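# A look at the structure
Take a look at the letters that make up each chain.
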Amino acid sequence: MKYHRYEIGTLINQEYWREQNAYWVNHAYGCYFFVARAGYGKSAILKHLAVKMSREEKDRRIIIFDVSNEWENSINKPNYNAQNPDAVDDLLVLKNITLKISDLTSSKDWSYLGFEGVNGKWLAHIAVNGFKYYNDSPEAFLNIISEMPVKATEGSGANKRDLLAEWNSKYPKIPLTKPLHEQVSRSAVNNFALIQDYFYNPLEPNGMNVVEDWFKLIKENKVILINLNLKANAGQAVWAGAVVGDIMGKIENYLSRIKPIIILEEGDYLVGNPMIFNRGFYKSSDKIITYATKHRKDGVCIYLVGQSIEGFNPDIIKQANGLVIGALDEKDDSRYGKIAETLQYDLLNNKREFYLIDRMQKKRMKFVPVICCCNAETQGAEWLMKDN
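Since the model is a prediction, treat every value here as computed from it, not as a measurement. Sequence order as written defines the numbering, with residues in each chain counted from 1. Only residues with pLDDT of at least 70 are given local features in this predicted model, and only at 80 or more are side-chain atom pairs given and counted; all residues enter the totals for whole chains, interfaces and linings. Each side-chain value is worked out from all heavy atoms of the structure, with water and hydrogens disregarded.

### What to know about the sheet that holds strand E3 (residues 30-35)
In space, the 11 strands of this open sheet follow the order E2-E1-E15-E14-E11-E3-E10-E9-E4-E8-E5, with mixed pairing throughout. The open sheet is flanked by strand E2 (21-26) and strand E5 (91-95), the only strands paired with a single partner. If you compare each strand with its neighbour and ignore which way they point, the axes differ by 25 degrees on average. Alignment of E3 against strand E10 (residues 301-306), held across six bridges, turns out to be parallel. Note on E10: the bridge partner recorded for glycine 30 is cysteine 301. Against the sheet, helix H1 (residues 42-56) makes contact with strand E1 (4-11), E2, E3, strand E4 (62-66), strand E8 (223-227), strand E9 (261-265), E10, strand E11 (320-325), strand E14 (354-358) and strand E15 (363-369), and its axis sits at roughly 150 degrees relative to E1, the strand it touches most. Along the sheet, helix H13 (residues 283-294) contacts E3, E9 and E10; its crossing angle with E10, the most-contacted strand, is approximately 135 degrees. Should DSSP find at least two bridges between two strands, the strands are taken to pair. Labels follow the DSSP assignment, with helices taken as runs of H or I lasting at least four residues and strands as runs of E lasting at least two, numbered in each case from the N terminus. Angles run from 0 to 180 degrees between N-to-C directions of axes, and those axes are lines fitted to C-alpha atoms, restricted for helices to the stretch in contact. We call two residues contacting when some pair of their heavy atoms lies within 4.5 Å.

Structural data, given as structure tokens:
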């Protein structure tokens, strides 16, 4: 597969190079990190690249998972104050994408949502074999697991009831041979009730959406932007990880046919360091690492945006083929953090230095992006297109 290069800035100390401009090379495959403090311009550079790649990477599809819902206004229409405004020509924006209960077909799927051991095993069993009883209705599913007997019989004499027999008669597709432990049952019911409204409900969609055929949708659209609308709470972070992992799982067998460029805004949430808020246990984390380690030959490129190298799962950092590093807020003791400490940040003159490492071409360079300007109100980097 042919690789393309894209101008992203001006080199510092360009006497060491034949060219004055800094270029990013999008290779046939690989895992790439764009890391810097908030508002420094890392996402601005990647938005510039995404627009250019949407035109040049003819045989590929671009999938953007946007945790903070910031990409739509940047790439869906020309930037408001750009000298050479540009935007993606054909962009499909998906919002409020969620899961159906029937998507969770294994105990591992349920474990990502916090249902461990027997809980995960039984919920997966009901989701797969008991579909006719709940038909993807979260309310019906909750009613079923609430009815699961925690003892074999109840009452005595003429009033004695065989609870297991009643269950097996009502739900013959999901029979029980012995009652569940009361604590296990209560835990499953209470925890499911907390996430019940996150699931797609075919009877009351409430603005939530599901996609039946992800491969077909991606094949028919050059660029797909998926707004995850992640709020700053652990429950929604886990759910976003489950949604991203589910999508990646459903297209895994088709990667060689779509050769995706996958961009993960705030990727340190989706494939995070497991020592930080258990981020590493999300389904998205497992899938992203699998893509990076096992699907290189399928032409998969992964771009991860974050505010700290150490915020990412160490297993994905090992797969880094290239990095663009800017100044960091928090102290980062990694070798990349040491590089960040050498970068100059001159807010008054809007000078933001970045360091580029391309392991595929064995190049390293320091540059200043020419596609960012400082927003006087927010002090953040705005996206300014520069025509090549």
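More follows now that the structure is in view.
### Here we look at helix H7 (residues 163-170)
For an α-helix, the turn length of 3.6 residues means that residues three or four places apart are oriented alike. Between buried and exposed lies partly exposed: a residue is buried under 20% and exposed over 50% of the maximum accessible area for its type, with that area taken using a 1.4 Å probe on protein chains only. The set of residues buried in H7 consists of Leu163, Leu164 and Trp167. Relative to the axis of H7, the buried residues are bounded by an arc of 100 degrees and lie together on one face. The elements touched by buried residues of H7 are helix H6 (138-147), strand E6 (153-154) and strand E7 (161-162). The N-capping residue of H7, defined by a side-chain oxygen 3.3 Å from the backbone nitrogen of leucine 164, is aspartate 162. Read the arc as the range of directions from the helix axis to the C-beta atoms. As used in this structure description, the phrase polar contact means that two N or O atoms lie within 3.5 Å; if the pair is within protein, one of them must be able to donate a hydrogen and the other to accept it, and residues adjacent in sequence are counted only when both atoms belong to side chains.

### Some thoughts on the packing of H6 against helix H8 (residues 182-195)
The contact between H6 and H8 brings their axes to 9 Å, and the two run at 165 degrees. The orientation of H6 relative to H8 falls into the category roughly antiparallel. Viewed along their axes, H6 and H8 form a crossing whose handedness is left-handed. Taken together, the residues of H8 that come into contact with H6 (itself represented by Pro138, Phe141, Leu142, Ile145 and Ser146) are Ser185, Ala188, Val189, Phe192 and Ala193. Note on terminology: angles under 35 degrees are roughly parallel, angles over 145 are roughly antiparallel, angles of 65 to 115 are roughly perpendicular, and the others are oblique. For any helix crossing, the convention is left-handed if the near helix is rotated counterclockwise from the far helix by under a right angle, and right-handed if that rotation is clockwise.

### Things to note about the packing of helix H4 (residues 117-129) against H6
Orientation of H4 relative to H6, taken along the N-to-C sense of each, is 130 degrees, at an axis distance of 12 Å. By the angle between their axes, H4 is oblique relative to H6. Here H4 and H6 pass one another in a crossing that is right-handed. Residue-level contacts link Leu123, Ile126 and Ala127 of H4 to Phe141, Ile144 and Ile145 of H6. Asp, Glu, Lys and Arg are counted as charged, while Ala, Val, Leu, Ile, Met, Phe, Trp, Tyr, Cys and Pro are counted as nonpolar; the rest, among them Gly, fall into the polar class. Taken together, the residues that form the contact of H4 with H6 break down as six nonpolar, no polar and no charged.

### A short note on H6
Of all the positions in H6, only Pro138, Phe141, Leu142, Ile144 and Ile145 are classed as buried. Each buried residue of H6 lies within a common arc of 160 degrees when the element is viewed along its axis, so the set occupies one face. In this structure, the buried side of H6 is in contact with helix H3 (107-111), H4, helix H5 (131-134), H7 and H8.

### Details of the packing of aromatic side chains
Side-chain rings of Phe, Tyr and Trp (the six-membered ring for Trp) are treated as a pair once their centres are within 6.5 Å; stacked means planes under 30 degrees apart, edge-to-face means over 60, and tilted covers the remaining angles. Considering all chains together, one arrives at 21 aromatic pairs under this definition. Ring centres 5.4 Å apart and planes at 75 degrees place the aromatic pair phenylalanine 131 and tyrosine 134 in the edge-to-face group. Taken together, the residues span about one helical turn, with phenylalanine 131 and tyrosine 134 both in helix H5 at a distance of three residues. We classify phenylalanine 131 as partly exposed; its relative accessible area is 34%. With 5.1 Å between their ring centres and 75 degrees between their planes, tyrosine 133 and tyrosine 171 make a pair best called edge-to-face. One end of the pair, tyrosine 133, is in helix H5; the other, tyrosine 171, is in the loop between H7 and H8, with 38 residues separating them in the sequence.

### Quick look at the pattern of salt bridges
Take a side-chain nitrogen of Lys or Arg and a carboxyl oxygen of Asp or Glu: if they are within 4 Å of each other, that pair is a salt bridge. Enumeration according to the criterion identifies 17 salt bridges in this entry. A salt bridge links lysine 95 to glutamate 72, with the nearest nitrogen and oxygen atoms 3.4 Å apart. Of this pair, lysine 95 sits in strand E5 while glutamate 72 sits in helix H2 (residues 72-75), placing them 23 residues apart in sequence. Look at glutamate 72 and you get buried, because its relative accessible area is 18%. For lysine 250, the salt bridge goes to aspartate 103, with nearest N and O atoms at 2.9 Å. On the criterion of sequence distance, the pair formed by lysine 250 in helix H10 (residues 234-250) and aspartate 103 in the loop between E5 and H3 is long-range, its members being 147 residues apart. Overall, the relative accessible area of 32% leaves lysine 250 in the partly exposed class. Salt bridges sharing partners connect three or more residues here, namely Lys151, Glu154, Arg161 and Glu166.

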